[in-house]
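Overview (structure and organization)
What follows is the residue order along each chain.
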Amino acid sequence: MKEEVYNRFKEYSGSHCWQYEVKQSLFREDLERLNMSSSMVASFQPRDFHIDYVDKSNKKECEAVQYFIEKYEWLGKMPARPTQRFIARFGAFTGGALVMATPNAFSNLLGKENRDMEKLISRGACAAWTPKGLNSRLVMGSVRWMVKNTDFRFFTAYSDPEAKELGTIYQACNFYYLGQKSGTSKQYFDPEHPERGWFSDRNFRHKSKYYMYADNIGVGREQFKKWMKKYSPDWTKVPEQVKLDIKSEEKRYRQSCLVRETKPKHKYAYILGATKKETKYLRHLFAELNPHLTDLPYPKERGK
């Protein structure tokens, strides 16, 4: 099992993106499971699918989204801090899923005072039996729902060259292209927990990891919770020796993981206001603050 998952996340060398590879490999299996024929699905149109918001309180639907992402998405796992989930449905059948999350680092491309307007399109995939164009419908349907029902107006997304991704969907949706300079330079893999896949060094500083370190050094997570802020420890409250032991445990865990160099990711962004006036204002603000990012050409070569 460990070797199988490890190999899945090693550099992909196909001529098309990884998710297309996954979709095609599951196509026949999906048709048989759903009792559909090739001729039937060939007639489907994107408009035949409804884009539905999945509330976090609906545990059954949240599990359905997680299952779909783990089965069809390149990373094969949910993000660390998911906030909103969406499903593309054809009747009772799930044809696609999209997950938004809190960004690991805010872009501040609309100014620091507007950083809370940003939301990350973190995961997304559609099954092979769904029609071309459903991906775009899912992305834009989710964005429009967010704008209508929340205060988020700025949506960022990444495309991974290691998965041979270009961001074709974001290009089709007229996202701004922000270049290929994003992401961590190294990724890590825990051989004892292969189901987690490859992760960035930020994972070593997640709240759950601090609790694990506290357990390992004998302090206990319940005690450490008293020293935590929302996402990280308040080091002014942590005893000096405990602080040193936590840092040492973090280093030990890091060294126990496999490590590899990674390519920078393509980054995209979309701005949408609740009204035409707000959209115009926010896009003008983006152009004013980031004149070098308003007209970058879309990438066309996979893996670059």
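Residues numbered from 1 in each chain as written. Predicted model: local features only at pLDDT ≥ 70, side-chain atom pairs only at ≥ 80, totals over all residues. Heavy atoms only, no water.

**A word on the sheet that holds strand S8 (residues 198–199)**
On the basis of which strands lie adjacent, the open sheet formed by three strands has the order S8-S7-S9 and antiparallel pairing. The open sheet has two edge strands, S8 and strand S9 (258–261), and neither has a second partner. Two elements, strand S7 (residues 186–189) and S8, share two bridges in a ladder whose sense is antiparallel. The residue bridging Tyr-188 from the neighbouring strand is Phe-199, located in S8. (Pairing = 2+ DSSP bridges. Helix = DSSP H or I, 4+ residues; strand = E, 2+ residues; numbered from the N terminus.)

**So, the environment of Leu-296**
In this fold, Leu-296 is placed in the segment after helix H10 (276–289). Of the residues examined, Leu-296 reaches a relative accessible area of 31% and is grouped as partly exposed. Spatially, the C-alpha atom of Leu-296 lies 7.3 Å from that of Gly-179, the residues being 117 residues apart in sequence. Once you skip the residues sitting within four places of it in the chain, Leu-296 turns out to touch Tyr-177, Leu-178 and Gly-179. (Buried < 20%, exposed > 50% of the residue type's maximum accessible area, 1.4 Å probe, protein only. Contact = heavy atoms within 4.5 Å.)

**Things to note about the nonpolar core**
With 46 residues, the main nonpolar core has Met-100, Ile-121, Trp-129, Val-139, Val-143, Phe-155 and Phe-175 as its most contacted residues. Put simply, the parts of the chain that give this core at least two residues each are helix H2 (18–34), helix H4 (59–72), strand S2 (82–90), strand S3 (93–101), strand S4 (118–126), helix H5 (134–149), strand S5 (154–159) and strand S10 (266–271). Here this core gets seven residues from one element, more than from any other, and that element is H5. Discounting residues that sit within four places of it in the chain, Phe-155 has contacts with Met-100, Lys-119, Ile-121, Val-143, Met-146, Val-147, Phe-175, Tyr-268, Ala-269 and Tyr-270. (Core = buried A, V, L, I, M, F, W, Y, C linked by side-chain atoms within 4.5 Å.)

**Let's talk about H5**
Spanning 16 residues, H5 covers 22 Å between terminal C-alpha atoms, matching the ideal 22 Å at 1.5 Å per step. For H5, the full list of buried residues reads Leu-134, Ser-136, Leu-138, Val-139, Met-140, Ser-142, Val-143, Met-146 and Val-147. (Expected span 1.5 Å × (residues − 1).)

**Digging into empty space enclosed by the protein**
Taken as a whole, this structure holds one cavity of 30 Å³ or more when the rule is applied. Each pocket or cavity is described by its volume, and for the largest cavity that value is around 40 Å³. If you go around the largest cavity, the residues you meet are Asn-108, Leu-109, Leu-110, Asn-114, Arg-115, Glu-118 and Phe-154. Here the residues of the lining of the largest cavity are counted per class, giving three nonpolar, two polar and two charged. (1 Å grid on protein atoms, 1.4 Å probe; cavity = no way out; pocket = protein on both sides within 12 Å on 5 of 7 lines; lining within 4 Å. Points joined across faces, edges and corners; volume = space filled by probe spheres on them. Nonpolar A, V, L, I, M, F, W, Y, C, P; charged D, E, K, R; others polar.)

**A few points about the confidence of the model for the protein chain**
In the predicted model, the protein chain carries a mean pLDDT of 89, and 92% of its residues have values of at least 70. In the model of the protein chain, helix H1 (residues 2–8) stands out as the element of lowest mean pLDDT, 46, in contrast to H5, which has the highest, 98. Every residue in residues 1–6 scores below 50 in pLDDT, and together they form ten contacts with partners more than four places removed in sequence or on other chains. (pLDDT = per-residue confidence, 0-100.)

**Structural notes on the packing of aromatic side chains**
Applying the stated criterion across every chain, the model contains 24 aromatic pairs. An angle of 25 degrees between the planes, with centres 6.5 Å apart, marks the rings of Tyr-188 and Phe-199 as stacked. Here Tyr-188 is found in strand S7, whereas its partner Phe-199 is found in strand S8, with eleven residues between them in sequence. Each residue in the set Tyr-188, Phe-199, Phe-204, Tyr-210, Tyr-213, Phe-224, Trp-227, Trp-235 and Tyr-253 is aromatic and connected to the rest through ring pairs, giving one cluster. The cationic tip of Arg-283 hangs over the ring face of Tyr-270; the distance from NZ or CZ to the ring centre is 5.4 Å. (Phe/Tyr/Trp six-rings, centres within 6.5 Å; stacked < 30°, edge-to-face > 60°. Lys NZ or Arg CZ within 6 Å of the ring centre and 35° of its normal.)

**Some points on the pattern of salt bridges**
Tallied over the entire structure, the rule returns eleven salt bridges. Note that Asp-30 is salt-bridged to Arg-33, the shortest N-O span being 3.1 Å. Pair noted here: Asp-30 and Arg-33 are both in helix H2, with a separation of three residues, about one helical turn. Arg-153 serves as the salt-bridge partner of Glu-278, at 3.1 Å between the closest nitrogen and oxygen. Here Glu-278, found in helix H10, pairs with Arg-153, found in the loop between H5 and S5; they are 125 residues apart in sequence, far enough to count as distant. Look at Glu-278 and you get partly exposed, because its relative accessible area is 23%. Look at Arg-153 and you get buried, because its relative accessible area is 8%. Several salt bridges converge on common partners, so that one network encompasses Glu-29, Asp-30, Arg-33 and Lys-71. (Salt bridge = Lys/Arg side-chain N within 4 Å of Asp/Glu carboxyl O.)

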